[in-house]
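# Notes for the structure review
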Amino acid sequence: MRVISGERKGTRLKAVPGTATRPTTDKVKESLFNIIGPYFSGGKALDLYAGSGGLGIEALSRGCDEAIFVDRQPKAVQTIQENLRATHYEVKGKVYRQDAKAVLEQLKVQQEQFKLIFMDPPYHAEEHVTFLQMIDESNLLIDIGVVVCEHGSDVTLPERVGRFERIKEQRYSDVITISFYEYASEE
């Protein structure tokens, strides 16, 4: 695993030890950033079920100002912190060792808003619709933001959830599909 592009291009990232997490491959990561826009001018990213932190770190390397990483596994949190040090993003990254739903509630109270939200829960725990509803109701995404949902290819997420509409669905294998959501245009 490595940072694909931007100011930290080529920096190697550690994977979380063990089999409890499955990192997004470099090929999939490169493709999804080409879809959402390869580079950013500021904004915040939220990486739920962050694992190694690869998606949030990639967003930082490509121009996001800061990123919040959420994972409740101690090994994942340690790996994210090591990867933030390796990329010199300790100041730009904040790591929460908590349940994702609890963090979403905290961020709502703090009135945080994000340009990019990555959701990659374990494939057996398909919670994307619940999270999309929480993000919508809490107004956590800016108007021009994108929610990126990595899920099992055997799962079809709805075209609409609250104010969100799926703008693209990209299947990468028999196992991995990524769905992209934005706020629906008002017509």
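None of these values were measured; they are calculated from a predicted model. (Residues numbered from 1 in each chain as written. Predicted model: local features only at pLDDT ≥ 70, side-chain atom pairs only at ≥ 80, totals over all residues. Heavy atoms only, no water.)

## Some words on helix 4 (residues 100-109)
Where helix 4 is concerned, the buried positions are Ala100, Val103, Leu104 and Leu107. Buried positions in helix 4, seen along its axis, are confined to an arc of 105° and lie on one side of it. Packed against the buried residues of helix 4 are strand 1 (44-48), strand 2 (66-70), strand 3 (93-96), strand 4 (114-119) and helix 5 (128-138). Residue Asp99 occupies the N-cap position of helix 4, its side-chain oxygen lying 3.1 Å from the main-chain nitrogen of Lys101. (Buried < 20%, exposed > 50% of the residue type's maximum accessible area, 1.4 Å probe, protein only. Helix = DSSP H or I, 4+ residues; strand = E, 2+ residues; numbered from the N terminus. Arc of directions from axis to C-beta. Contact = heavy atoms within 4.5 Å. Polar contact = N/O pair within 3.5 Å; in protein donor to acceptor, adjacent residues only side chain to side chain.)

## A closer look at unusual backbone geometry
You will see that Gln111, though not glycine, has its phi angle at about 55°, which is positive. With respect to the helices and strands, the residue Gln111 is situated in the loop between helix 4 and strand 4. Although it is not a glycine, Asn139 sits at a positive phi angle of roughly 55°. Structurally, the position occupied by Asn139 is in the loop between helix 5 and strand 5 (141-152). Residue Asn139 is classed as partly exposed on the basis of its relative accessible area of 36%.

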